Amino acid sequence: MEENSEFEQIEADSLMNNIGHSIDDQEKDMDTRSELKFDEYKESEEETVKRREIEKALQTNSFSLNVWKKFAVQKHGLINDELRRKIWPLLLEVDTDLTEVVPSLEELSTHKEYDQVVLDVNRSLKRFPPGIPYKQRLALQDQLTILILRVIMKYPDLRYYQGYHDVAITFLLVVGEVVAFRIMEVLSTEHLRECMEPTMEKTSYRLNYIYAMIQNADKQLHDYMDRAGVGTMFALPWFLTWFGHSLNQYKDVVRLYDFFLASPPLMPLYVAAALVIYRRKEILYEPCDMASIHCLLSQIPDNLDFEQILISAAKYYKSYPPERLEKDVKKRIQRELDQRKKEERLRNARNRKPNDNWIRIHNYVPHWLMLHYRNKYGILFATATVLIGIYAYLKATEKDFSLFKSWTS
């Protein structure tokens, strides 16, 4: 363990006491969070050893931010929600002051995003513990709605996006409403800020980092996906929700959150690239077309070794930091822009293409005739030309042929 200065120990001890008081006060006012239980799973020997190390660090106050980050990033993360409840706020160094007045749901209902937030919250049932009582679920849904609206009302320049609720509910379930708000403040103004802009332009740009990383780490896989035209949409919900919407197992979600809270803001993109590379055999087995590969990647299996994926992601971040990938990202976007312009020119050319029958007529009618056809005398001129041609032909092939003779006979 790293040694702390006396000042750091006093500061950390004070912060932990504040968190403890915050949690105690919260439990007096509401019982929703404390009663929630997900499916229990048995700790491995490694997890038990690590849990005891973390508990010892908490008891002795011998910790610093770097120590908590190491615990969160290394294998098994923070082990359980009881420890996450204490350490997640420390990872973001959030202010847990409880003096701020919480608006009521009725007050927040005037916000322009209220209806969309409620709609999304009501569709998030799979994120709640199985078998949760109806009244408790309704209370949690109200808390989640209030939590989201408080953030976007406090920061008017931030825009709610679908998937934001998947991030918020994870923190609500683990640390409770009060601390979850503080955490969401930090994430919304830092890690998720680009996702909360009026347009998704920057988010779409960021997703191209996934291909830049795969190109550097596994060119064969990159070229195969590129030929198939898979694009980046499969990874959009991964990035927007920190995989919260795409994973079925709660323990996988909170394990990833341990990792992300202790990592740089763009780490979810590196985890996305590592996950794709981890499934390379499945991808290369699929036909080289967009629909097949997109369908495969859109579903994340429950049996993935996320510990190995996180190790790979950390290695990729060290080998290919964002600033190194920037050039590749710009080249990829420019290439896609050029391709779209080329396709647009071809579409316009097809739309301007004359009718095939008109082309055939044009090939057999003299050019000078076609020019005259466009003026008001064109039809008359063309008719006269055809009649004169017929007359000349008959005159040459029939002896004693006379136009006037045929009229008088």
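Conventions used here
Residues numbered from 1 in each chain as written. Predicted model: local features only at pLDDT ≥ 70, side-chain atom pairs only at ≥ 80, totals over all residues. Heavy atoms only, no water. Helix = DSSP H or I, 4+ residues; strand = E, 2+ residues; numbered from the N terminus. Buried < 20%, exposed > 50% of the residue type's maximum accessible area, 1.4 Å probe, protein only. Contact = heavy atoms within 4.5 Å. Core = buried A, V, L, I, M, F, W, Y, C linked by side-chain atoms within 4.5 Å. Expected span 1.5 Å × (residues − 1). Polar contact = N/O pair within 3.5 Å; in protein donor to acceptor, adjacent residues only side chain to side chain. pLDDT = per-residue confidence, 0-100. Phe/Tyr/Trp six-rings, centres within 6.5 Å; stacked < 30°, edge-to-face > 60°. Salt bridge = Lys/Arg side-chain N within 4 Å of Asp/Glu carboxyl O. Axes fitted to C-alpha atoms, helices over the stretch in contact; angles between N-to-C directions. Parallel < 35°, antiparallel > 145°, perpendicular 65-115°, else oblique. Left-handed = near helix turned anticlockwise from the far one by under 90°. Nonpolar A, V, L, I, M, F, W, Y, C, P; charged D, E, K, R; others polar.

**Q** So what's going on with the overall build of the protein? Which residues, and what values?
**A** Counting its regular elements, the protein contains 22 helices and 0 strands. The burial tally for the protein puts 44% of its 409 residues in the buried class. Sequence separation of at least 24 residues holds for 77% of the intrachain contacts in the protein that already meet a minimum separation of 6.

**Q** Which residues make up the nonpolar core, and what are the values?
**A** Ranked by internal contacts, the top residues of the largest apolar core, which has 108 residues, are W68, W88, F171, L187, F243 and V271. Among the elements that take part in this core, helix α14 (residues 267-278) stands out by supplying 10 residues, more than any other.

**Q** Go over the environment of K327 with me, naming the residues and quoting the values.
**A** Relative to the elements of secondary structure, K327 occurs in helix α18 (residues 322-352). K327 gets classed as exposed once you look at its relative accessible area, which sits at 62%. Along the chain, K327 and A212 lie 115 residues apart, while their C-alpha atoms are 9.0 Å from each other.

**Q** Residues and numbers for helix α4 (residues 81-92), please.
**A** Over its 12 residues, α4 runs 17 Å from end to end, which matches the ideal 16 Å to within 8%, given 1.5 Å per residue. Judged by how many residues are buried, α4 sits mostly within the fold: 9 of 12 residues are covered. Buried residues of α4: L83, R84, R85, I87, W88, P89, L90, L91 and L92, and no others. N-cap assignment for α4: the residue whose side-chain oxygen lies 3.1 Å from the backbone N of E82 is N80.

**Q** Got a sec to walk through the side chain of D120? Specific residues and values, please.
**A** Relative to the helices and strands, D120 resides in helix α6 (residues 114-122). Taking relative accessible area as the criterion, D120 reaches 1% and is therefore assigned buried. Reaching out from D120, the side chain makes a polar contact with the side chain of Q162 at a distance of 3.3 Å. The contact partners of D120, leaving out residues within four places of it in the chain, are Y160, Q162 and H165.

**Q** Help me get a handle on the confidence of the model for the protein, residues and values and all.
**A** Averaged over all residues, the pLDDT of the protein is 81; the fraction at 70 or higher stands at 75%. Across the protein, the element-wise mean pLDDT spans from 36 in helix α1 (residues 6-29) up to 98 in α14. Scored below 50 in pLDDT, residues 364-377 makes 12 contacts in the model with residues more than four places away or belonging to other chains. With pLDDT under 50 throughout, residues 403-409 is counted as low confidence; its partners more than four residues away or in other chains account for 2 contacts.

**Q** Summarise the side chain of E307; cite the residues concerned and give the values.
**A** Locating E307 in the fold gives a position in helix α17 (residues 306-319). When its relative accessible area of 18% is taken as the criterion, E307 is described as buried. Contacts of E307, omitting those with residues within four sequence positions, involve K75, H76 and R255.

**Q** I'd love a proper account of the packing of aromatic side chains, names of residues and values included.
**A** Scanning all chains against the criterion turns up 15 aromatic pairs. Considering the side-chain rings of W68 and F71, the 5.8 Å spacing of their centres and the 40° angle between planes classify their relative orientation as tilted. One end of the pair, W68, and the other, F71, are both in helix α3 (residues 65-73), 3 residues apart, so they sit about a helical turn from each other. For the pair W68 and F71, a shared accessibility class is recorded, and that class is buried. On the numbers, 6.2 Å between centres and 25° between planes, the contact of F243 with F260 is stacked. Here F243 is found in the loop between α12 (236-241) and α13 (250-261), whereas its partner F260 is found in helix α13, with 17 residues between them in sequence. We note that F243, like F260, is buried.

**Q** Outline the pattern of salt bridges, listing residues and values.
**A** All told, the structure shown has 20 salt bridges when counted by the stated rule. With a closest N to O distance of 2.9 Å, R84 and D258 form a salt bridge. Note that R84 is positioned in helix α4 and D258 in helix α13, a separation of 174 residues in sequence. Judged by its relative accessible area of 4%, R84 falls in the buried class. Residue R123 pairs with D120 through a salt bridge whose shortest N-O separation is 2.5 Å. Connected through shared salt-bridge partners, D226, R332, R335 and E336 make up one network.

**Q** Which residues make up unusual backbone geometry, and what values go with them?
**A** Positive phi, close to 75°, is recorded for H76, a residue that is not glycine. For H76, the position within the fold is in the loop between α3 and α4. Given the relative accessible area of 15%, H76 is considered buried. Even without glycine at this site, W242 takes up a positive phi of about 55°.

**Q** Before we move on, can you summarise the packing of helix α7 (residues 134-154) against helix α9 (residues 177-189) with the specific residues and values?
**A** Taken N-terminus to C-terminus, the directions of α7 and α9 make an angle of 40°; their axes are 10 Å apart at the nearest point. When the axes of α7 and α9 are compared, the pair comes out oblique. Considering only the axes of α7 and α9, their crossing is right-handed. Contacts from Q143, I146, L147, R150, V151 and K154 in α7 reach E177, A180, F181, R182, M184, E185 and S188 in α9. Taken together, the residues of the contact of α7 with α9 sort by class into 6 nonpolar, 2 polar and 5 charged.

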